[in-house]
Each structure stands twice: as structure tokens, then as C-alpha cells.
Amino acid sequence: MNSSNSVAAGAGLGLMEVAFESLSHILKKKFQSKSKDVVEMNLSAAKFGYDSVKDISLKTTLKWNRRKPKGALIDGSKAFALGALAGDCRFASFYPMSPATGIMAQLSLLADDFPLVVEQAEDELAAINMIIGSSFAGVRSITATSGGGFCLMTEGLGLAGITETPVVIINAQRPGPATGLPTRTAQGDLLFTIRAAQDEFPRFVFAPGTPFEAFQITARAFKLSEKYQVPVILLTDQFLNDSLFISEKPFRAPKSIPRFTVEDKDIKAPEQYNRFKLTKSGVSPRALPCNGEALVVVTGNEHSEDGHISEEIKDRVNMARKRRSKVKNMIKEMKPPQLLYEKSKTLLVCWGSTKGAVMEAVEVLRSRKMDVGCLIFSDIWPFPSDHVISALEKCKKFVMVELNQTAQLGQLIRELTGLSYSDAILKFDGRPIYPNDIVERVIQFI
Amino acid sequence: MLDINVYNSDFENKWCPGCGNFDILSAMKNAFVDLGISPQKLLIVSGIGQAAKTPHFLKCNAFHSLHGRALPIATGAKIANHDLTIVVNSGDGDCYGEGGNHLINAIRRNIDLTLLVHNNMVYGLTKGQASPTSELGTVTKIQLHGVISAPLNPISFALSLGATFIARGFSGDGEQLSKLIESGVTHKGFSIIDILQPCVSFNRINTHSWYKSRVYDLEKTDYVPDNWMRAMEISQDWGDKIPTGIIFQKDTPSFTDRIDTLKESTLINKKYSEERLNNVLSKL
Ligand SMILES: Cc1ncc(C[n+]2csc(CCOP(=O)(O)OP(=O)(O)O)c2C)c(N)n1
Ligand code: SF4
């Protein structure tokens, strides 16, 4: 019999200065179905590990709070799945790829109790096109993948763009092109995601920073996707999806789900219905196929208002303009990045799952009397330039904190506001960033 | 009885005069009239190619999608609303080439769709390159020394995967073709109809008269399409005599029949419940 795991657990927890009773409690529970001997052996193995590191002390020690924490213990994957249900998502299609698979596993667990069908597609091309088909037919739908799968989905993303079909796509990032580091974390897909697929069409891109935000933003994504008839891409990563967080804010279901589709009775002359009718907002009344007199015709080719193929200059220009014209209202939906300690001389700027580490680093730095705040993005695209300018205008300098090599959000800020970051803390080794990584670097800059 | 003219579309048809697609289009209209499916109740999904333009040329709800991707689009639509009648128009390149994996899996799912493959043994829209069904030796502007890969046999392929409705039609026999389409639409499960379709511009070998002198209707023989081994045998026939008609059919529950969630109502007709979700959320 082998109890080396218990030795390791004992040593690990010993280094973190956990009381031994906490571990023995867990071990007893874990092995309760086994014989007394097994329990005893594991306990003594754990004790052996625990005692053997007694004299080693780590640079940082943890304070152990023995109270039971308030709130929910939840990982990002589960929060995305629940957020989808809060957006009345009823169909999910996916092809397994870490670190996105957990989201679909969570949705599968929920599928027996909700009006939800989860289908493992034959590949990512099928996954995206299935959800375009189901959404076209009137059901809110989602897919989740990682970078490589998202690459395969890009033609479908364009199809959703040109047919103005709402879809929600989760891109759970991992490092590296091609297969990269399948089980590690990264933020290297931001610029790819905002521009993915050929030509130009509007989309939303959000990057939640915590499970609670993942829940809320996913629900919101379904609403916005349907309201503007555009694809929404949610950027997450291995760290957010697979780590457990304590979420104090309570998760609540929305009272009702606003819908943005029309029926015959809402259309003046349903027999003459045009799916792509030109409007000021760029959004045309969206009827569903086989749901009355109105015939719904869509194509991935450029088209006229009735949805039939057209290569007329007028149609091409009108349709491209129509799609583009949605952006002015889409921008109004963007929440400003979260600004903490707004009057600080130096702002750390980040997006997505580095939020926690950055906020903690700011507290540490401030406790050392350093004038540092932070600006945290979750709503990224269409880029809320005005909000960003007003947040960054007052600081003396800002420093990017990102898990990629070229400060992708920093590039975007410079391109769209003219404001340049002065330094960047960039980590691309596949591991999450810790508050200490940030603190140590900031001290060098200031 | 519906008037066949209700399907007329005023969208300009640019198929080459004499193209077999015109006959397939007529056979479709006739089948829909006989089945009593109005344009409002019909959804046609297609990929990209000459064949895939079909839904623009008849009145219906239509999703003209991407090269190779008609089947997943149609599958998604069927899952969302399994009351829909969905017909898919595809070409041999669209379906057997670019979309091959989707065909394998549509068959495995036995999703209740009717797939019409306009098989002209060539890429028509892109001006005559070889397709997965081009015969060995076919010379094109790309395959200058003739095709060197063996052609795919769609009938044996579908049989080997356990397809539940497999037929071969010929655009030159409109009466038989419209009956096959009717049977395909009525069949509860995935139906594939491979339709021999002359391309007058890019396939000078497998012409209308080439087919005409070779095809025969299995229904006029003592063939019964319920024996898989026999079907596999007949699927190998090609050359002087080409069998057409229903080659194999069996009843198996379709994909959406197997999903408990869809037993009582379509997905689209279900209701959101705040309470149901809060029950889960409150246990976090
Ligand atoms: C992703 C992608 N690759 C290639 C093409 C170009 N393309 C359009 S149709 C086609 C082949 C058409 O052949 P087939 O499917 O047999 O249909 P047909 O035109 O003969 O009816 C190709 C290669 C495309 N539209 N999209
Ligand atoms: S190129 Fe061939 S398939 Fe296309 S329309 Fe002309 S004849 Fe028909």
C-alpha cells in the first residue's frame, strides 16, 4: 500500500503552516469507508510529512482563518454554465478542448433539469455552425472552445456576422499557437479575437475577471447578442475556468428574459418581410423561420434586404454600412473599466482573470505607501475609448499587466486613444500571475 | 392542393441552360406540392456551390450558408425546433469533400433531415475542378493528367455508416425523383438522396444521354430495399447499368426522438423559469 500522497499533503500543508487537525479531519473523512488500518496509516504518513518540514520556513506565510467563509465556492467553468442558463441558453454544442471542456461538462450536468440540449459536435466547425442553425431557428445557443478550436470557428463567426445571427462563443485561452500548452493559462488571444474572421463586422468581446462576473456577463452576452444580432465572444482562460474562488456576491436568476424577435403581428406586411431591412440603428426586425407568413431568407453571401445574394454596389455598401452602424449603440452598452484609487499617480491596467492578482498587488503597494491604483477591463470590444481616456487622463503613468508577450491591451489602448503605457509586466510562461510578481516589478518601476 | 406556382421565386436564376439542376428544382416543387408543405412551412438549408443556390430559386425559408457546413446548420435548426421540415441542398464537393465529417455524423445521429446531393462529379461553381466523385482519369484544368484518386461511392459509404434512408435519383427522371424526395421527407430520420446531375459546362462525359442509357429503376424490378447486404451489393453496380430508386430504408428513432428533453415540446417552445434557476443558484 502506498501512502506517499498523504506524506506530500502533510509536508505541503506543514509548509503553509496549517494546523495538523485540519488535515487529519479531512483524511479521516476521505478514508472513512476504508478499514481502520488504512486511516491510521495515512494519518501517520501525513504526520511524518508534516513534522519533517517543521524547521523550514517560507518567505511568505499564510494566515489561517478558521471561520467558515461566506459565499459560494465556485470555479469559472461552472459560473459560465450557470450564466448561460441565466441568459436562457437552450442549446450548447462543442468539441472537447481544454480548458473549455469544464464549461460543457457543467452544462451537461444541468441539462436534465433545464430546457437544455448539449451536443458534442464532430469538430469545431460543426459546433459553431450548429449553434448558428439553432439560433437562426430561435433558440439561444452557446459554444466553448480554446484557441485552436476558435481558429476553426472563425469562418462560422463570419457567417454569424454577415447573417446577423446571435451566438455566444467562449474562447478559453491557453498559451501557444497550435496545440501550445494545453493545460496552462494565458491571455494571448485578445487581438486575434477582436479581429477574428476576414473582412469587418461588429461583435462584442468581454473578459470576466471572476466567477461572479463570468455568471453575469454570460447572461448579459445572450441579451446583447440577440438585441444587436451580433456574435459575442467571451474570453476566459485556464486559470479562471479551473480555479476555485469564493464568491461573496449572491448569484441570482433574472426575473424574466427580454426577447428581441418579431412575429407576423409585429410586421406591417409579413408577405413582404425583408430579413435585412435597412434601418437607422442597423438592426432589422428579426423574424424566425417557419413561424408565420414572413419568409426568412439569409445567406453568407453579400445580399440585398430580402436576404438573396447580391453583388450590386449599392447592396454591398448598404449592408456593410448597416452592420457597421450598430456599433454606435453597442458602444453605449459597454461598462467602463473598473477604476480603483482613481487619483493615483500610477495605474496598473489589466483585463480578465488577472483582476484578483492586480487588486491584491495594489493593496500591498498602497500599504507600503505607494500611490498606485488600477484599471480593470471586462468590457473590451467595441472599445469604450471615451471611458478609457477619462480614466487614464489623470494618472501620471500606467503600467500594463498581461499574460502575453506584447501587451495586447496596451497596444489597443495606444491605437484607439493615443495614450501609451510606460511599462508592462508581462508573463507568458503559462503560469498564473501572483500579486508578488506584480509588487516586485512595480517597486522597480517607481 | 397547393398550386405549384406558390414556390416561384423572382430571383434571377443563372444556372447554365440545360443544367440538371433545373430538373431537380422542378422535382422538389412537385414533391412539396404532393406533400402539402407550403413555402411558409419549409426550411431549406444549403452550403455553397451551384447546387447550394437552389433555395434562392424557390419560395421558402432559407439558410444559404458556408461551403461544407449545411448539415451542422440544419442539425442545429432541427434541434431547436424539431417540428420543422428541413431539406438540404448540397453538391458533391460541398457534401462529400468540404463537409465530409458532417455527413458521417449526420448519418450517425440519424437527424431527421432530407439531404439532396446534386452529384455532377465536378466542382461546378469554381469552374470544373475534380470532385470526390470524379472518375479516375477525369481531366480538368487542375488535374491535367487525369484524376488519380479513386472516386467515393456515396451509396456504399452511407450504407457502411448505417444510414436509414438511402436513394439514388437522376435529374433526367423528374417523376421518380419527386417521389424519392417525398419518401425522403416522409422518412423519420436522416435521408440521403444522391442525385445524378449532368453539368453541361464542365462534365462532358457523364452527360444526360450517358446516364439515360444506363439508369434503371429498382422499383420496376423485384428489389426490396430492406436488406443491408443486398443493398451493399447493388451499391457496387456502376457502369453499363446504374440502379436508381430507394436502395435501403429502415426505421430507427431519429436524433431528436432520442432526447428526453424534446419528448413533450420543441426546445423553442419551452419556458424560462426564474424559480428553477434560483433553486440551483441557492445551493451554491
Ligand atoms: C471555404 C471555402 N473553400 C472554397 C470555396 C470555393 N468553392 C465554392 S463552391 C466550391 C465547389 C463546388 O462544387 P460542388 O459542391 O460539387 O457544387 P456544384 O457547384 O458543382 O453544384 C468551391 C471549391 C468556398 N466558397 N469556401
Ligand atoms: S456549371 Fe454545371 S452545375 Fe453549374 S449551372 Fe452550369 S451546368 Fe449546372
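Shown above is the structure to which this text applies.
Residues numbered from 1 in each chain as written. Chains lettered and ligands numbered in written order. Predicted model: local features only at pLDDT ≥ 70, side-chain atom pairs only at ≥ 80, totals over all residues. Heavy atoms only, no water.

## Structural notes on the overall build of chain B
Of regular secondary structure, chain B possesses nine helices and 10 strands. Taking 2.2 N^0.38 as the reference for a compact globule, 284 residues should give roughly 19 Å; the C-alpha atoms of chain B span a radius of gyration of 20 Å, in line with that estimate. In terms of overall dimensions, chain B has C-alpha extents of about 70 × 45 × 40 Å along its principal axes. The proportion of buried residues among the 284 residues of chain B is 56%. The contacts of chain B with a sequence gap of at least 6 include a subset with a gap of at least 24, amounting to 71%. With an accessible surface of roughly 11,900 Å², chain B has 52% of that area assigned to carbon and sulfur atoms. Each charge class in chain B was averaged separately, 27 positive and 28 negative side chains, and the resulting centres sit 5 Å apart. (Helix = DSSP H or I, 4+ residues; strand = E, 2+ residues; numbered from the N terminus. Rg over C-alpha atoms; globule rule 2.2 N^0.38 Å. Buried < 20%, exposed > 50% of the residue type's maximum accessible area, 1.4 Å probe, protein only. Contact = heavy atoms within 4.5 Å. Areas by Shrake-Rupley, 256 points an atom, 1.4 Å probe, with all protein chains shown as cover. Lys, Arg positive; Asp, Glu negative; His and termini not counted. Charge placed at Lys NZ, Arg CZ, Asp CG, Glu CD.)

## Remarks on the packing of aromatic side chains
One pass over the structure, following the stated rule, counts 16 aromatic pairs over all chains. With a centroid separation of 6.1 Å and 45° between ring planes, the pair formed by Trp210(B) and Trp238(B) is classed as tilted. Linking Trp210(B) in helix H7 (residues 208-212) with Trp238(B) in the loop between helix H8 (228-235) and strand S10 (242-249), this pair joins segments that are 28 residues apart in sequence. The exposure class assigned to Trp238(B) is partly exposed, which follows from its relative accessible area of 34%. Through pairs of rings, three or more aromatic residues link up here, namely Phe11(B), Trp15(B), Phe22(B) and Phe57(B). The lysine or arginine in question, Arg203(A), covers the ring of Phe201(A), its NZ or CZ lying 4.4 Å from the ring centre. (Phe/Tyr/Trp six-rings, centres within 6.5 Å; stacked < 30°, edge-to-face > 60°. Lys NZ or Arg CZ within 6 Å of the ring centre and 35° of its normal.)

## Points about the interface of chain B and chain A
On the side of chain A, 61 residues touch chain B, which itself brings 47 residues to the contact. Interface area, chain B with chain A, both sides summed: about 4,500 Å², of which 67% is carbon and sulfur. Taken as a group, Phe63(B), Tyr272(B) and Leu284(B) account for 15% of the area that chain B buries against chain A, more than any other trio of residues on that side. Scanning the region where chain B abuts chain A turns up three salt bridges. For the pair chain B and chain A, the number of links is 17 residue pairs in polar contact (both at pLDDT 80 or more). Taken together, the elements giving at least two residues each to the side of chain B that touches chain A come down to strand S1 (42-46), strand S2 (61-64), helix H2 (70-80), helix H4 (100-109) and helix H9 (274-281) of chain B. Sort the elements by how many residues they give to the side of chain B that touches chain A and H2(B) lands first, with seven residues. Classifying every residue of the side of chain B that touches chain A by side-chain character gives 25 nonpolar, 13 polar and nine charged. With three bridges connecting them, strand S9 (residues 297-299) of chain A and S2(B) associate as parallel partners. Paired with Thr299(A) across the two strands is His64(B), which belongs to S2(B). (Buried area = accessible area lost by both parts, 1.4 Å probe. Salt bridge = Lys/Arg side-chain N within 4 Å of Asp/Glu carboxyl O. Polar contact = N/O pair within 3.5 Å; in protein donor to acceptor, adjacent residues only side chain to side chain. Nonpolar A, V, L, I, M, F, W, Y, C, P; charged D, E, K, R; others polar. Pairing = 2+ DSSP bridges.)

## Regarding a nonpolar patch on the surface
Residue and element names in this part refer to chain A. On the surface, Met16, Leu62 and Trp64 cluster together to form a nonpolar patch covering roughly 290 Å² of accessible area. Tracing the backbone through its elements, the reader meets leucine 62 in the loop between helix H3 (36-52) and strand S1 (72-75). Assessed through its relative accessible area of 45%, leucine 62 is described here as partly exposed. (Patch = residues over 30% accessible without salt bridge, like charges linked within 9 Å, V, L, I, M, F, W, Y side chains within 5 Å.)

## As for the pattern of salt bridges
In a structure, side chains of opposite charge can pair up when their charged atoms sit close to one another. Residue and element names in this part refer to chain A. Going through the model one piece at a time under the given rule, you end up with 27 salt bridges over all chains. For arginine 195, the salt bridge is made with glutamate 415, and the minimal N-O distance between the two is 3.3 Å. Residue arginine 195 is found in helix H8 (residues 190-195), and its partner glutamate 415 is found in helix H15 (residues 408-417); the two are separated by 220 residues along the sequence. When its relative accessible area of 41% is taken as the criterion, arginine 195 is described as partly exposed. With a shortest N-O distance of 3.5 Å, arginine 316 and aspartate 199 are connected by a salt bridge.

## Things to note about the site of ligand 2
The environment of ligand 2 is made up of Trp15(B), Cys16(B), Cys19(B), Gln50(B), Asn120(B), Gln197(B), Cys199(B), Val200(B), Ser201(B) and Phe202(B). Of the residues in the shell around ligand 2, the class split is six nonpolar, four polar and no charged. (Near = heavy atom within 4 Å.)

## Focus: the pairing of strand S3 (residues 117-120) of chain A
Burial along S3(A) is one-sided: Val117(A) and Glu119(A) are buried, while Val118(A) and Gln120(A), pointing the other way, are not. Read from strand S2 (residues 91-94) of chain A through helix H5 (residues 101-110) of chain A to S3(A), the crossover connection turns out right-handed. (Right-handed = clockwise from strand over helix to strand, strands pointing away.)

## Quick notes on the site of ligand 1
As a matter of local geometry, ligand 1 sits amid 17 residues, with Gln50(B), Gly93(B), Asp94(B), Gly124(B) and Leu125(B) nearest to it. Ligand 1 is flanked by residues contributed from chains A and B. One of the backbone nitrogen or oxygen atoms of Ala51(B) is found 3.0 Å away from an oxygen atom of ligand 1. The separation between an oxygen atom of ligand 1 and a polar main-chain atom of Leu125(B) is 2.9 Å. Breaking the shell around ligand 1 down by element, the ones donating at least two residues are helix H3 (92-98) and strand S5 (122-123) of chain B. Ranked by residue count, the leading element in the shell around ligand 1 is H3(B), at four residues.

## Notes on H2(B)
The element H2(B) is extensively covered by neighbouring structure, given that 11 of its 11 residues are classed as buried. Restricting attention to buried positions, one finds in H2(B) the residues Ala70(B), Leu71(B), Pro72(B), Ile73(B), Ala74(B), Thr75(B), Gly76(B), Ala77(B), Lys78(B), Ile79(B) and Ala80(B).

## Considering the sheet that holds strand S11 (residues 346-351) of chain A
All names here are of chain A. Overall, mixed pairing links the five strands, which are arranged S10-S12-S11-S14-S15 in an open sheet. Of all the strands in the sheet, just strand S10 (338-340) and strand S15 (423-426) have a single pairing partner and so form its edges. On average, adjacent strands in this sheet sit at an angle of 20° to one another, irrespective of strand direction. Sheet analysis places S11 next to strand S12 (residues 372-377), joined by six bridges and oriented parallel. Across the sheet, tryptophan 351 pairs through a bridge with phenylalanine 377, a residue of S12. Against the sheet, helix H16 (residues 435-445) engages S11, S12, strand S14 (397-402) and S15, with an angle of about 160° to S15. (Axes fitted to C-alpha atoms, helices over the stretch in contact; angles between N-to-C directions.)

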